Amino acid sequence: MVCPIDNQNISAPNQSGGTDYGDGIGNINPEDIETMSVLKGPNAAALYGQRGSNGVILITTKSGKAGKTRFSYGTDYSFGNGLVLPDFQNEYGQGLNGTFTHFRKDDGTIVSMSEAIKNGYSGIPKMSAGRDRTTRASWGAKMEGQTYEDAYGNVLQLTPKPDTYASFFQTEKQFVNNLSVDGGNEKINYRFSFANTDVKGYIPTNTLKRNNFGLRTQAKITDKLHIDVKANYIAQKGNNRPTLADAADNPAYLFISQPRSLGNDIMSQYKWTVQEISRQLGFSGLTEGLEKTYATNSSTANPFWTIHENHNEDRRDRIIGLLRLSYDFAPWLKVAATGGTDFYTDQRFRYRPINTYQSLNRKGDIREEVIRSREDNFDILASSNFTLSDNIKLSANIGASHQSRYLRMTGNAGNQFIVPNLFVINNTTTNTYIFDLIESKINSVYLSGQFSYKDYWFVDFSARNDWSSTLSKNNNSFFYPSISSSLVLSDAFKWQSDALSFAKIRASWAQAGSSGNPYQLTGAYSLNQYTHGGVPMASYTEIIPDPNLKNELTTSIEAGADLRFLKNRLSLSFTYYQAKTKNQILDVPIAPSSLYVKNRINAGEISNRGIEFVLGATPLKTESGFEWNTTFNFNRNRNKVESLYPGVESFLLATDRGINVVAEVGKPFGQLIGTQFAWIKDANGNRLIDPTTGLPLRTAGRVETDLGNAQPNWIGGFGNTLKYKGFNLYALVDIRQGGVIFSQSNREQIIYGTSKKTLEGREGTYVADGMVAQQDGAGNWTSTGTKNSKQVNAQDYWNMVASDKEVMVSEEMINDMSYIAMREISLSYSFPKNLMPHRLINSLKLGLYGRNLFYFQRKTDGFSPEASAFNVNNSSIGIESTSLPMMRTFGINLTVGL
């Protein structure tokens, strides 16, 4: 029996921005964990319910042990910086067509650069600002120290600013201290732990502080009655968490398009002054003290204003508790009752003050909300063991459980402050409320057991029936069983061989059910702030609900073998699996003529099949104590959308600026579809080049283009451990091969000319790869068979690739997600007793480590492929959206036992 914890990420970021407040498992103190194991697929669901239908992470926490009181103290300090940064060009500054856009004459008037050249005016080149690429892109003059005036009126020398991105961020630092004490006797034991975590984030002013308190007590009240009590309290406070994805408050989003000649020394003076206002070009409606930006569109901010003036904070108070009573009625019968709760309150507060450029009328805004979440789980389980004969044994478990979940969100959002620097909701001219309520319950009965014959043949079985409140009374009951068997061949056939130490084969069949989310059977009204005749107005859901929805059901089969050779020096574990999920609960789009947008139905079937194997070896083991252990694991999964709904061949999972992520019949889940322009190509896939312009030809309008799939071909890992007389060296290589990802960062850098890939041919020598085209009598373009050799300006070429956020050739932003990464290297030393600095010290261990160190292989352009997602749900599969870099971390730790 376990105590499930709430691992949801409430109000998670999406493609338009948002803040990641963390999930539930991140609150667990790692030093409280005794062991961790992974239970895969539907076989885990029989005992752990619907939430285990896709597998279970099973964590066993530490407990006290009989004996004298023991103290343990551990400290860990780590620091980190971005592993992969955007690949910027640092040769050409702000401007267009290789020069400046404007010119300030000696008399102070401003004219275009072309007019100044034509008339031979004397004065100084002038930068400008604006909304689009023609004013703020880095397609300008080569930076060679020329004197110029920037968009704010500062007279400067045109020199590269290569470190604008890296110098803004700071080294991330994390300091963790752990203290625990445990002890007891044969009747009772206890363990108390405390952990303090202090993080100074990669983004300046971002901090996180967390305190974890844990207490566990186990006692034998009588020889038959046992009690286990566990309680954890977590107090966490965050400040200025970063905004993610395509949002103005995300520094990564801002820096990738910032002109390469614009330095942080200018932008760090983030408020407009009277002098700057009088000499600026391209801005309008400026006032002293307003946030100073480098562009005039609503999605551009100043990152220095963001970290120093905007503010967000959050506090979480969380209690995880468990009480278990067990009674041994007989040697063969034990009954245990368990109650567990996971309750937390999140308080979130954020504001942007008056003069924030993106706020409504530049008057600022504020949002405050309180989230209360609670999950209670109650179980009763009877366990028995029988010896039916000398050769046959039976163990059986039967139980019942009740799960209830509750979430309530309340708060307010306000716009346009009245009094400056008074950050309360009532100090705004408009005020809207925030409210959400989610409740659900599941009642279950289940059983499991195992037959064993001569301890070499085992048959395991399980069955579970759930009654879920999220389905109607006619459909809320559903059943899912499982059965598995394993045979230890080496014992059954008495294979005694140094070559083959152990051999086992296994197979299983299982089902897992899922009842979906609450409130999916009926529509709902949402009240808003507007009234009619004094009565609040409301809007109805845009989804047609189906009151007869049924549960989803996954059926899985699995077969495998476990082998060990050469006196256990070599091992191989192999698994083949196949699973199908039916009756998925989908929201299918309907005709625009309807007042609704989608129809909620049971539809669709997805299949998964794959292989996994783990190869382990001890290549070297000497009498002196040196030992080398190595492990390689491989996983290849193939999924396929078998069907959706009659007449529906594609289901939209997510969309973001010219890219759709879809489930398409006959293809793997997570297909990427471009919805912008496409190159015109010949039958061999070569791009066709306009003979007049020397530029690739693209479609006249927007088309849908299949760009590939986000799923990998295979993933794996290669780990090595070297041990020698207290030293332990561990290294892990992480591998992913295949799968594609669309990069919004690449798109931004191409549009604004900040990427290194835009350097070639800036002087008019760029040759586009492709075949020279010709038009036939019908006006269609065909290949002449001649390779293109016409030179063009790089700006003109990349303008064909992407001239605006909604005007691009989607395939040019596709990256291969394959990588081979040096994920971790750690070295530790456990001091022997004779080297202890004090006789009171029982154990002493010192360690060094590095994580996310480097890549042996990486194919993504300017970002880490495994750190690209802004969210873990469907909305970010295969999409990189101006992501913050993954951290390369180095650390040192010390553990002392008394």
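The preceding data block contains the structure.
**Student:** So what about the overall build of the chain? Which residues, and what values?
**Tutor:** When its secondary structure is counted, the chain shows 11 helices and 44 strands. For the chain, whose C-alpha radius of gyration is 32 Å, the value lies close to the compact-globule estimate of 29 Å for 898 residues. Overall, the C-alpha framework of the chain stretches about 105 × 80 × 70 Å when taken along its three principal axes. Relative to its full complement of 898 residues, the chain shows a buried share of 47%. Residue pairs at least 24 apart in sequence account for 68% of intrachain contacts in the chain once pairs closer than 6 positions are excluded. Measuring between centres, the 91 positive side-chain charges of the chain sit 5 Å from its 84 negative side-chain charges.

**Student:** For the layout of surface pockets, give the residues involved together with the corresponding values.
**Tutor:** Considering only enclosed or pocket space, the second largest pocket measures out at about 750 Å³ in volume. Lining the second largest pocket are 38 residues, with Gly-18, Thr-19, Thr-243, Asp-249 and Arg-350 positioned closest to its centre.

**Student:** How would you summarise unusual backbone geometry if you had to cite specific residues and measurements?
**Tutor:** Notably, Leu-566 is not glycine yet its phi reads approximately 50 degrees, a positive angle. With respect to the secondary-structure elements, Leu-566 resides in the loop between strand E24 (552-565) and strand E25 (570-589).

**Student:** Would you mind going over the packing of aromatic side chains in detail, with residue names and values included?
**Tutor:** Tallied over the full model, the rule gives 38 aromatic pairs. Their ring planes at 80 degrees and their centres at 4.9 Å tell us that Tyr-797 and Trp-798 sit as a pair that is edge-to-face. Judged by its relative accessible area of 6%, Trp-798 is buried. Chaining the aromatic ring pairs together yields one cluster made of Phe-88, Tyr-165, Phe-168, Phe-169, Tyr-202, Phe-255 and Phe-304. Sitting above the plane of the Phe-502 ring, Arg-564 keeps its charged end 4.1 Å from the centroid. Positioned over the ring face of Trp-679 is Arg-687, at 5.0 Å from the centre of the ring.

**Student:** Residue-level account of the pairing of strand E10 (residues 188-200), with values.
**Tutor:** Here E10 shows one buried face, formed by Asn-189, Arg-191, Ser-193, Ala-195, Thr-197 and Val-199, and one open face, formed by Ile-188, Tyr-190, Phe-192, Phe-194, Asn-196, Asp-198 and Lys-200. Bridge analysis of strand E9 (residues 172-184) against E10 gives 12 bridges, and the strand direction is antiparallel. The partner of Gln-174 across the bridge, within E10, is Val-199. From the end of E9 to the start of E10, which pair antiparallel, there are three residues.

**Student:** Help me get a handle on the sheet that holds strand E40 (residues 814-816), residues and values and all.
**Tutor:** Strand order in the open sheet made by the three strands is E40-E35-E43, with mixed pairing throughout. Two strands lie at the open edges of the sheet, namely E40 and strand E43 (879-880), each paired on one side alone. Along the sheet, helix H10 (residues 744-752) makes contact with strand E35 (740-743), E40 and E43, crossing E35 at roughly 40 degrees.

**Student:** Could you give an account of the side chain of Thr-164, with specific residues and numbers?
**Tutor:** With respect to the secondary-structure elements, Thr-164 resides in helix H4 (residues 164-168). Engagement of the side chain of Thr-164 in a polar contact is seen with the side chain of Arg-260, the distance being 3.2 Å. In contact with Thr-164, not counting residues within four places along its chain, are Phe-255, Gln-258, Arg-260, Leu-262, Gly-263 and Asn-264.

**Student:** Residues and numbers for the side chain of Thr-705, please.
**Tutor:** Of note, Thr-705 is situated in strand E32 (residues 705-709). Accessibility expressed as a relative area gives 17% for Thr-705, which makes it buried. In contact with Thr-705, other than residues within four places in its own chain, are Leu-672, Ile-673, Gly-674 and Ala-678.

**Student:** Go over the pairing of strand E3 (residues 67-82), please, and point to the residues and values.
**Tutor:** Sheet topology note: the E3/E9 ladder contains 12 bridges and is antiparallel. Bridge pairing in E9 places Ser-78 opposite Gln-174. Pairing of E3 with strand E44 (residues 887-897) involves 11 bridges; the strand directions are antiparallel. What sits directly across from Gly-82, in E44, is Met-887.

**Student:** Explain the sheet that holds strand E30 (residues 671-674) residue by residue, including any values.
**Tutor:** The strand order E28-E29-E30-E32 describes an open sheet built from four strands, whose pairing is antiparallel. The open sheet has two edge strands, strand E28 (650-655) and E32, and neither has a second partner. This sheet shows a mean twist of 35 degrees between the axes of neighbouring strands, independent of strand direction. Relative to E30, strand E29 (residues 659-664) runs antiparallel, the two being bridged by four bridges. When the bridges of E30 are listed, Val-661 appears paired with Leu-672.

**Student:** Please provide a residue-by-residue account of the pattern of salt bridges, values included.
**Tutor:** On inspection of all chains with the given rule, the structure shows 44 salt bridges. For Arg-823, the salt bridge goes to Asp-734, with nearest N and O atoms at 2.8 Å. Of this pair, Arg-823 sits in strand E41 (residues 819-830) while Asp-734 sits in strand E34 (residues 727-737), and the two are 89 residues apart along the sequence. Between Lys-859 and Asp-816 there is a salt bridge, and its shortest N-O distance comes to 3.6 Å. Placement of the pair is Lys-859 in the loop between strand E42 (843-858) and E43 and Asp-816 in strand E40, with a sequence separation of 43 residues. For Asp-816, a relative accessible area of 27% puts it in the partly exposed group. A single salt-bridge network, built from bridges that share partners, covers Arg-104, Lys-126, Glu-149 and Arg-279.

**Student:** Let's hear about empty space enclosed by the protein: which residues, and what values?
**Tutor:** Considering all chains together, one arrives at four cavities of 30 Å³ or more under this definition. In this structure, the largest cavity encloses a volume near 120 Å³. In terms of lining residues, the largest cavity is bounded by 19 residues, among which Pro-86, Gly-862, Phe-863, Glu-880 and Ser-883 are the most central. When grouped by side-chain class, the residues that make up the lining of the largest cavity number 10 nonpolar, seven polar and two charged. Looking at the second largest cavity, its volume works out to about 70 Å³. Considering the residues around the second largest cavity, the lining is formed by Gln-94, Met-127, Ser-128, Ala-129, Tyr-148, Asp-150, Ala-151, Tyr-152, Pro-259, Ser-261, Leu-262 and Tyr-294.

**Student:** Can you break down the environment of Ala-510 residue by residue, with the values?
**Tutor:** Within the secondary structure, Ala-510 sits in strand E20 (residues 500-514). With a relative accessible area of 0%, Ala-510 lands in the buried category. Separated by 27 residues in the primary sequence, Ala-510 and Ile-483 have C-alpha atoms spaced 6.3 Å apart.

**Student:** Describe a nonpolar patch on the surface, listing the residues and the values that go with them.
**Tutor:** A cluster of nonpolar side chains, namely Tyr-77, Phe-79, Phe-175, Tyr-724, Phe-727, Leu-729, Ile-825, Leu-827, Leu-846, Leu-848, Phe-890 and Ile-892, defines an oily patch on the protein surface of about 990 Å² accessible area. Among the secondary structure elements, those contributing two or more residues to the nonpolar patch are E3, E34, E41, E42 and E44. Relative to the elements of secondary structure, Leu-846 occurs in strand E42.

**Student:** If you had to explain H10 to someone new, which residues and values would you point to?
**Tutor:** Counting buried residues in H10 gives nine out of nine residues, a clear majority hidden from the surface. For H10, the capping residue at the N-terminal end is Ser-743, with a side-chain oxygen 3.4 Å from the backbone nitrogen of Ser-745. Count one or two residues on from H10 and you reach Gly-753, which has phi positive near 65 degrees.

**Student:** Tell me what's going on with helix H11 (residues 794-801), and back it up with residues and numbers.
**Tutor:** Counted residue by residue, H11 has six buried out of eight residues, so it is predominantly covered. Residue Asn-793 occupies the N-cap position of H11, its side-chain oxygen lying 2.8 Å from the main-chain nitrogen of Gln-795.

Each value, and the rule that gives it
- Numbering of residues starts from 1 in every chain and runs along the sequence as written.
- Per-residue local features of the predicted model are confined to residues with pLDDT of at least 70, and side-chain atom pairs are confined, for both listing and counting, to 80 or more; whole-chain, interface and lining totals are unaffected and use all residues.
- As a rule here, side-chain values come from all non-hydrogen atoms in the structure, and water together with hydrogens is ignored.
- The helix and strand labels rest on DSSP assignments: H or I over at least four residues marks a helix, E over at least two residues marks a strand, and numbering proceeds from the N terminus.
- What the globule rule says is 2.2 Å times the number of residues to the power 0.38, and the radius of gyration is computed from C-alpha atoms.
- Per-residue accessibility, obtained with a 1.4 Å probe over protein chains only, is compared with the maximum for each type, and a residue is labelled buried under 20%, exposed over 50%, and partly exposed between these values.
- Working rule for contacts: check all heavy atoms of both residues, and any pair within 4.5 Å makes them a contact.
- When charges are tallied, Lys and Arg are placed among the positive residues and Asp and Glu among the negative ones, while His and the ends of the chain are skipped.
- In plain terms, the charge of a residue is placed at NZ if it is Lys, CZ if Arg, CG if Asp and CD if Glu.
- Here a cavity is any set of points on a 1 Å grid over the protein atoms alone where a 1.4 Å probe fits but cannot get out, and a pocket is any open set with protein on both sides within 12 Å along at least 5 of 7 lines; a residue lines the site when it has an atom within 4 Å of a point.
- Grid points are joined across faces, edges and corners, and a volume is the space filled by probe spheres set on the points.
- Classification of ring pairs uses Phe, Tyr and Trp, with its six-membered ring standing for Trp, and accepts pairs whose centres are within 6.5 Å; under 30 degrees between planes counts as stacked, over 60 as edge-to-face, and the remaining range as tilted.
- Criterion for a charge above a ring: Lys NZ or Arg CZ within 6 Å of the ring centre, and within 35 degrees of the ring normal.
- The rule for pairing is simple: two strands pair if DSSP sees at least two bridges between them.
- Working convention: axes come from line fits to C-alpha atoms, limited for helices to the stretch in contact. Angles between N-to-C directions cover 0 to 180 degrees.
- Whenever a nitrogen or oxygen atom comes within 3.5 Å of another N or O atom, the pair is scored as a polar contact, on the condition that within protein one atom can donate a hydrogen and the other can accept it, and that pairs from neighbouring residues in sequence are kept only if both atoms are in side chains.
- The term salt bridge refers to a side-chain nitrogen of Lys or Arg lying within 4 Å of a carboxyl oxygen of Asp or Glu.
- The classification used treats Ala, Val, Leu, Ile, Met, Phe, Trp, Tyr, Cys and Pro as nonpolar, Asp, Glu, Lys and Arg as charged, and all other residues, Gly among them, as polar.
- Like charges within 9 Å and nonpolar side chains (Val, Leu, Ile, Met, Phe, Trp, Tyr) within 5 Å are joined into patches, using only residues over 30% in relative accessible area that form no salt bridge.
- To measure how exposed things are, a 1.4 Å probe is used in the Shrake-Rupley method; for residues, cover is taken only from the protein chains shown.

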